[in-house]
Amino acid sequence: MAGLSDGDTLYLTRDLETGIPADTIIIKDGKFSFSGETGSTSLCMLYSASRNEINAPFFLEAGNITIHLTEQPGGSRVSGTVCNDQWQELNDSVMIIGKEINRIAEHIYGNNVPEEEQQKGMEQIDRLNQRFSACVIKKAEKNIDNEFGYFLLTYYPEELINNETRTRLIKQLPAEMQKRPAIQQMEQQIARAAQTAEGSTISDFTQKALDGTDVSLMEEVKKNKVTVIDFWASWCGPCRQEMPFMIQLYDKYKPKGFGIIGISLDNEQDAWQKATDAMGVKWPQMSDLKGWENEIAQHFNVTSIPHTIVVDQQGKILRRGLRGEPLEQFIAEQIK
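Residues numbered from 1 in each chain as written. Predicted model: local features only at pLDDT ≥ 70, side-chain atom pairs only at ≥ 80, totals over all residues. Heavy atoms only, no water.

A. Quick peek at the packing of helix 8 (residues 237-253) against helix 9 (residues 269-279). For the pair helix 8 and helix 9, interaxial distance at closest approach is 11 Å and the crossing angle is 50 degrees. Taken together, the axis directions place helix 8 and helix 9 in an arrangement best described as oblique. Here helix 8 and helix 9 pass one another in a crossing that is right-handed. For the pair helix 8 and helix 9, contact is made by Arg 240, Met 243 and Ile 247 and by Ala 275, Ala 278 and Met 279, respectively. Of the residues contributing to the contact of helix 8 with helix 9, the split by class is five nonpolar, no polar and one charged. (Axes fitted to C-alpha atoms, helices over the stretch in contact; angles between N-to-C directions. Helix = DSSP H or I, 4+ residues; strand = E, 2+ residues; numbered from the N terminus. Parallel < 35°, antiparallel > 145°, perpendicular 65-115°, else oblique. Left-handed = near helix turned anticlockwise from the far one by under 90°. Contact = heavy atoms within 4.5 Å. Nonpolar A, V, L, I, M, F, W, Y, C, P; charged D, E, K, R; others polar.)

Here it is, written out as structure tokens:
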């Protein structure tokens, strides 16, 4: 165990968000061990009390689990049981993808790079995310009859496992797992999401503009042949990085019947106003200043931003989630 000595303390936590310890383990003779009983399988974390970079997420489940800790980021390893063996295999396959995503994101969002380079970087990230998603789905399919498959299905968001795939995998789960509350809740969420999927028609919403006047979503949509509903926020770095492209898109296609409606997920009017002024956003915007609890974002199941929804003049959803060059190509096809 590199970086650790006899007498050092390790913490075991079942709460990966807070890290609140559920148990402590003392290192002796360069090793550590713990034992007990568990009636379920859960993702936990083992980490050093003095050096948080030394850690290992693992599955607490019946069986003999082996954990090797190291100070190298992502270098710790777990094995010995079904979930931990599969978890390590998945991490090995996606680690390189994750590092490349982080490298590109740090470059395009942390530096003053040209717009063309930003767009190229975002497209590379999208392709890498698709590879990441394919790895997760393949592993879920392989393990859909056990707890690891169930974990992947309930752990990863729609961006990695879309609802169509999720529905297919739910049907392949053992009958007992299909009855679990998390799966039943997921099916309810999928049913709600279907109401705002591509091909459905949006509902009307009214929220305040920056000047305090009411803005009707459908009234704005009816003004254009094609409209992009753009979910963003002043505090969202990727949103602000993408805004110059959106402004260019708006200027280029507005004469042909194209429009944008911004839905701000801000909490503060002043921050929303300053960001809009600084970036020169020209199109109508609306918000209820409730952040992620924004009524429109909740209705459309928006879980990450920037997020776009392309609709026609009648409010029919044509596409969701397009960004960069794919978004412009789609808009150009619709306004021929």
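So that's the structure; there's more coming.
B. Fine view of the environment of Gly 257. Along the polypeptide, Gly 257 turns up in the loop between helix 8 and strand 10 (258-264). Sequence separation of Gly 257 and Arg 319 is 62 residues, and the distance between their C-alpha atoms is 17 Å. With residues near it in sequence (within four places) discarded, Gly 257 still touches Asn 224, Lys 225, Val 226 and Ile 335.

C. Representation of the sheet that holds strand 10 in the model. As summarised here, the arrangement of the five strands in space is 11-10-9-12-13, forming an open sheet in which the pairing is mixed. Both edges of this open sheet fall to strand 11 (285-286) and strand 13 (317-320), since each of them pairs with a single strand only. Across three bridges, the pairing between strand 12 (residues 307-312) and strand 13 is antiparallel. Opposite Val 310, over in strand 13, you have Arg 319 as the bridge partner. Each of strand 9 (226-232), strand 10 and strand 11 is contacted by helix 9, which is oriented at about 125 degrees to strand 9, the strand it contacts most. (Pairing = 2+ DSSP bridges.)

D. Fine view of helix 11 (residues 324-334). For helix 11, the full list of buried residues reads Gly 324, Leu 327, Glu 328, Phe 330 and Ile 331. For helix 11, the arc enclosing every buried residue in end-on projection is 160 degrees, short of the 170-degree limit, so these residues lie on one face. If you follow the buried residues of helix 11, they end up packed against helix 2 (115-142), strand 9, helix 8, strand 10, strand 12 and strand 13. (Buried < 20%, exposed > 50% of the residue type's maximum accessible area, 1.4 Å probe, protein only. Arc of directions from axis to C-beta.)

E. Region of interest: helix 9. Every buried residue of helix 9 is accounted for by Trp 272, Ala 275, Thr 276 and Met 279. Buried positions in helix 9, seen along its axis, are confined to an arc of 100 degrees and lie on one side of it. Opposite the packed face of helix 9, turned more than 90 degrees from it, sit the exposed residues Lys 274, Asp 277 and Ala 278. On the buried face of helix 9, the contacting elements are strand 7 (206-208), strand 9, helix 8, strand 10 and strand 11.

F. Local environment of the side chain of Ser 234. By the element assignment, Ser 234 lies in the loop between strand 9 and helix 8. A relative accessible area of 10% means that Ser 234 is categorised as buried. Contact partners of Ser 234, with chain neighbours within four places excluded, come to Arg 240, Asp 266, Ala 271, Trp 272 and Ala 275.

G. Spatial organisation of the state of the cysteines. For the structure shown, the criterion picks out one disulfide. Cys 236 shares a disulfide with Cys 239; S-S distance 2.3 Å. In this structure, the disulfide formed by Cys 236 and Cys 239 twists by about 75 degrees around the S-S bond and is classed as right-handed. For the unlinked cysteine Cys 44, the closest cysteine sulfur is that of Cys 83, found at 11 Å. For Cys 44, a relative accessible area of 0% translates into the label buried. (Disulfide = S-S within 2.5 Å.)

H. Quick peek at the packing of aromatic side chains. Applying the stated rule across the entire model yields 15 aromatic pairs. Their ring planes at 85 degrees and their centres at 5.5 Å tell us that Phe 59 and Trp 87 sit as a pair that is edge-to-face. One end of the pair, Phe 59, is in strand 4 (residues 55-60); the other, Trp 87, is in helix 1 (residues 82-110), and 28 residues separate them in sequence. Residue Trp 87 is classed as buried on the basis of its relative accessible area of 6%. Seen in terms of ring centroids, Phe 59 and Phe 151 are 4.7 Å apart; in terms of plane orientation they differ by 85 degrees. Their pairing is edge-to-face. Residue Phe 59 is found in strand 4, and its partner Phe 151 is found in helix 3 (residues 147-155); the two are separated by 92 residues along the sequence. The buried category is assigned to Phe 151, whose relative accessible area is 10%. These aromatic residues form a ring-pair network of at least three members: Phe 59, Trp 87, Phe 132, Phe 148, Phe 151, Tyr 155 and Tyr 156. Cation over ring: Arg 180 sits above Tyr 150, and NZ or CZ is 4.5 Å from the ring centre. Positioned above the aromatic ring of Phe 330 is the side chain of Arg 319, whose terminal nitrogen or guanidinium carbon lies 5.6 Å from the ring centre. (Phe/Tyr/Trp six-rings, centres within 6.5 Å; stacked < 30°, edge-to-face > 60°. Lys NZ or Arg CZ within 6 Å of the ring centre and 35° of its normal.)

I. Structural detail: the pattern of salt bridges. Applying the stated criterion across every chain, the model contains 16 salt bridges. Here Glu 100 and Arg 103 are joined by a salt bridge, their closest N and O atoms 2.7 Å apart. A residue pair is termed a helical-turn pair when its members lie 3 or 4 positions apart in one helix, as Glu 100 and Arg 103 do in helix 1 at three residues. Look at Glu 100 and you get partly exposed, because its relative accessible area is 28%. Taking the relative accessible area as the measure of exposure, Arg 103 reaches 48% and is therefore partly exposed. (Salt bridge = Lys/Arg side-chain N within 4 Å of Asp/Glu carboxyl O.)

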